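# Structural characterization, general
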Amino acid sequence: MMYQPEIETMSLPRIRKLQSDRLSQLVSRLYKKVPFYKNALDEGGIKPADIRGIEDLHKLPFTYKSDLRDHYPFDLFAVPQQEIRRIHASSGTTGKPTVVGYSAADLDIFDEVVARSLVCAGARPGMKLHNAYGYGLFTGGLGMHGGAQKLGMAVIPVSGGMTDRQLMILQDFQPEVICCTPSYAQTLAEEMVSRNISLNQLKLKYAILGAEPWTETIRSQVEKGLQVKATNIYGLSEIIGPGVSQEDQEERGNGSHIWEDHFFPEVVDKDTGEPLPYGQEGVLVFTTLTKEAMPLLRYRTNDICSIYYDKHSKRTHIKMSPIKGRADDMLIIRGVNLFHTQVEVLLQDFSEVVPNYQLLVSRTKTLDEVTLKVELAPAFEKELSRISQDSKNEKLQLLSGNIQTKIRNNIGLGMAVQLMKYQEIPRSQGGKLSRILDMREG
Ligand code: ADP
């Protein structure tokens, strides 16, 4: 089933035509309504009439997160204040948060792309959605909420945290679908085991996970631990929120569809800004084609991935690979670029550990060092408890050596591996989890 089959299977030439019409209208409107864009176009010597279609997109300047901060809170809005129906903001861990506004029509689009995503993930009208994304200024909670209602689901607005209550609701209300961060899905799966809750007591079928990077390693753990099909949902408040792209539950592991009738993607070189060919990894850039209140031209997300068409998919819309990480979270260790997801994905080959891990970055004299802290799987701990201390040490040494070798062979980086007891590393309490602990000064 598809939510909007006519749109989701539209032929590529028709999609391009639609995108082109929308883009040229958008540029004319922004030129008139938003001084920031008028100045940016004037400075680049571009007239709105020069943008006749998608093929002219590369002529437009990029928009950066700093532009949103410089125009805090409302100066990028393209409609009068009275037409704004909702305001969201990002966490703003560094400096002022980035603020976004929605008109009534924007909220309809938000509902529409989330409803599309929910169906793509396996949800159906009549099912119940356990919505464990945070409600508030963060777009996750309210975004999923609106789309689920539009689809005809019953929303349980649990929000993040209070794991005991979450587990009670999962058992008592019997939702078929859950959405939360992948790290919180890990927490829930583990807590089910430690509280002796049997999977038979739950009716969950699908988990829709996003807001932070994750890999197949966590998918395996969550799918087994919650007995669900887990798919990836991606989004960012600047573009709309969750529902910019979604993985199909029958095409798990094969990328997520970007709803490109609304959000036009490009992948560009991190340093030169040159658009890259399909399949090549770089910075994901979006142009919002249909938003009214705060449209953005060529917004640099900072997220690293590739985009490509998948002719084996039942939908025509372009796909994106899972996000490897944010460009500003990339570690450069002795000249090697490193995202934590590169380590995470390798852990899948080791049944002796669980994907609860941290990368500890430190500096000794002039050299940067990374230590991988990763927890032992409870079953392996049990096995170890039955053998002598000497054989236990031997097994642990062998395991950390094997993990080290795997990482060196695949990433080209030597890294100490510290095996931790199960439950020793902090868990997600509901939101995004940081897997990197940077102990370097400055
Ligand atoms: P912030 O985290 O900056 O406060 P948002 O809540 O809008 O703001 O988060 C958007 C960011 O979250 C994206 O740019 C991306 O880095 C990350 N993100 C969202 N969904 C995913 C996903 N499915 N996979 C990887 N990263 C994601």
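Residues numbered from 1 in each chain as written. Predicted model: local features only at pLDDT ≥ 70, side-chain atom pairs only at ≥ 80, totals over all residues. Heavy atoms only, no water.

## Some thoughts on the overall build of the chain
Scanning the chain from terminus to terminus reveals twelve helices and 21 strands. Relative to its length of 442 residues, the chain is compact, with a C-alpha radius of gyration of 23 Å against a globular reference of 22 Å. Principal axes of the C-alpha set define a box for the chain whose edges measure 75 × 55 × 40 Å. Taken across its 442 residues, the chain has 56% of its residues classed as buried. Contacts in the chain between residues far apart in sequence, at least 24 positions, make up 67% of those at least 6 positions apart. Accessible surface, the chain as shown: approximately 19,200 Å² in total, 50% of it carbon and sulfur. Positive and negative side-chain charges of the chain, numbering 53 and 54 respectively, have mean locations separated by a distance of 2 Å. (Helix = DSSP H or I, 4+ residues; strand = E, 2+ residues; numbered from the N terminus. Rg over C-alpha atoms; globule rule 2.2 N^0.38 Å. Buried < 20%, exposed > 50% of the residue type's maximum accessible area, 1.4 Å probe, protein only. Contact = heavy atoms within 4.5 Å. Areas by Shrake-Rupley, 256 points an atom, 1.4 Å probe, with all protein chains shown as cover. Lys, Arg positive; Asp, Glu negative; His and termini not counted. Charge placed at Lys NZ, Arg CZ, Asp CG, Glu CD.)

## What to know about helix H9 (residues 216–226)
Along H9, the positions that sit buried rather than exposed are Thr-217, Ile-218, Arg-219, Gln-221, Val-222, Glu-223 and Leu-226. Of the residues trailing H9, Gln-227 is marked for its positive phi of about 55°.

## Description of the pattern of salt bridges
This structure, assessed with the given rule, holds 32 salt bridges. The shortest N-O distance in the salt bridge between Lys-65 and Glu-238 comes to 3.0 Å. Residue Lys-65 is found in helix H4 (residues 65–70), and its partner Glu-238 is found in the loop between strand S7 (229–236) and strand S8 (241–247); the two are separated by 173 residues along the sequence. Judged by its relative accessible area of 5%, Glu-238 falls in the buried class. (Salt bridge = Lys/Arg side-chain N within 4 Å of Asp/Glu carboxyl O.)

## Section: the sheet that holds strand S21 (residues 436–438)
Strand order in the open sheet formed by four strands is S20-S19-S18-S21, with mixed pairing between adjacent strands. Each of the sheet's edge strands pairs with one partner strand only, and the pair in question is strand S20 (416–420) and S21. On average, each strand axis in the sheet is inclined to that of its neighbour by 20°, with strand direction left out of account. Here three bridges tie strand S18 (residues 353–364) to S21, and the two strands are oriented parallel to one another. Residue pairing across strands places Leu-359 opposite Ile-436, the latter belonging to S21. (Pairing = 2+ DSSP bridges. Axes fitted to C-alpha atoms, helices over the stretch in contact; angles between N-to-C directions.)

## Notes on the sheet that holds strand S15 (residues 325–326)
Overall, antiparallel pairing links the four strands, which are arranged S10-S11-S12-S15 in an open sheet. Either end of the sheet is taken by a strand with one partner, and the two such strands are strand S10 (263–268) and S15. Of the pairings in the sheet, the one linking S10 to strand S11 (residues 282–288) comprises six bridges and is antiparallel in character. From the neighbouring strand, Val-268 faces S11, where its bridge partner is Val-283.

## What about the side chain of Thr-215?
Looking at the secondary structure, you find Thr-215 in the loop between strand S6 (206–210) and H9. Residue Thr-215 is classed as buried on the basis of its relative accessible area, which comes to 12%. A polar contact is formed between the side chain of Thr-215 and the side chain of Glu-344, at a distance of 2.6 Å. (Polar contact = N/O pair within 3.5 Å; in protein donor to acceptor, adjacent residues only side chain to side chain.)

## Things to note about the environment of Leu-338
Considering the arrangement of structural elements, one finds Leu-338 in strand S17 (residues 336–338). Measuring from C-alpha to C-alpha, the distance between Leu-338 and Gly-412 comes to 9.8 Å, with 74 residues separating the pair along the chain. The residues contacting Leu-338, other than those within four sequence positions of it, are Asp-329, Met-330, Leu-331, Val-343, Leu-359, Val-370, Ile-411, Leu-413 and Met-415.

## Considering the packing of helix H5 (residues 104–121) against helix H6 (residues 139–151)
How two helices pack is summed up by the angle between their axes together with the distance between the axes. At a closest axis distance of 7 Å, the pairing of H5 and H6 adopts a crossing angle of 75°. Considering their axes alone, H5 and H6 lie roughly perpendicular with respect to each other. Note on element contacts: H6 touches H5 through Thr-139, Gly-143, Met-144, Gly-146, Gly-147, Ala-148, Lys-150 and Leu-151, opposite Asp-108, Phe-110, Asp-111, Glu-112, Val-114, Ala-115, Leu-118 and Val-119. Taken together, the residues that form the contact of H5 with H6 break down as eight nonpolar, four polar and four charged. (Parallel < 35°, antiparallel > 145°, perpendicular 65-115°, else oblique. Nonpolar A, V, L, I, M, F, W, Y, C, P; charged D, E, K, R; others polar.)

## Re the domain arrangement of the chain
Segmentation of the chain into domains returns domain 1 (1–326) and domain 2 (331–438). Here the C-alpha centre of domain 2 lies 31 Å away from the C-alpha centre of domain 1. The partner domain 2 presents 21 residues to the 26 residues of domain 1 that form the contact. The junction of domain 1 with domain 2 conceals about 1,800 Å² of combined surface from both sides, 50% of it contributed by carbon and sulfur atoms. Together, Glu-190, Thr-217 and Lys-324 form the three largest contributors to the area buried by domain 1 at its contact with domain 2, with a combined 30%. At the boundary of domain 1 with domain 2, the tally comes to one salt bridge. Between Glu-190 and Arg-427 there is a salt bridge whose closest N-O contact spans 2.6 Å. Put simply, domain 1 and domain 2 have 15 residue pairs in polar contact (both at pLDDT 80 or more) between them. Taken together, the elements giving at least two residues each to the side of domain 1 that touches domain 2 come down to helix H8 (182–194), H9 and S15. When residues in the side of domain 1 that touches domain 2 are grouped by element, the largest group, six residues, is from H8. Grouping the constituent residues of the side of domain 1 that touches domain 2 by class yields nine nonpolar, eleven polar and six charged. (Domains from an automatic or database assignment. Buried area = accessible area lost by both parts, 1.4 Å probe.)

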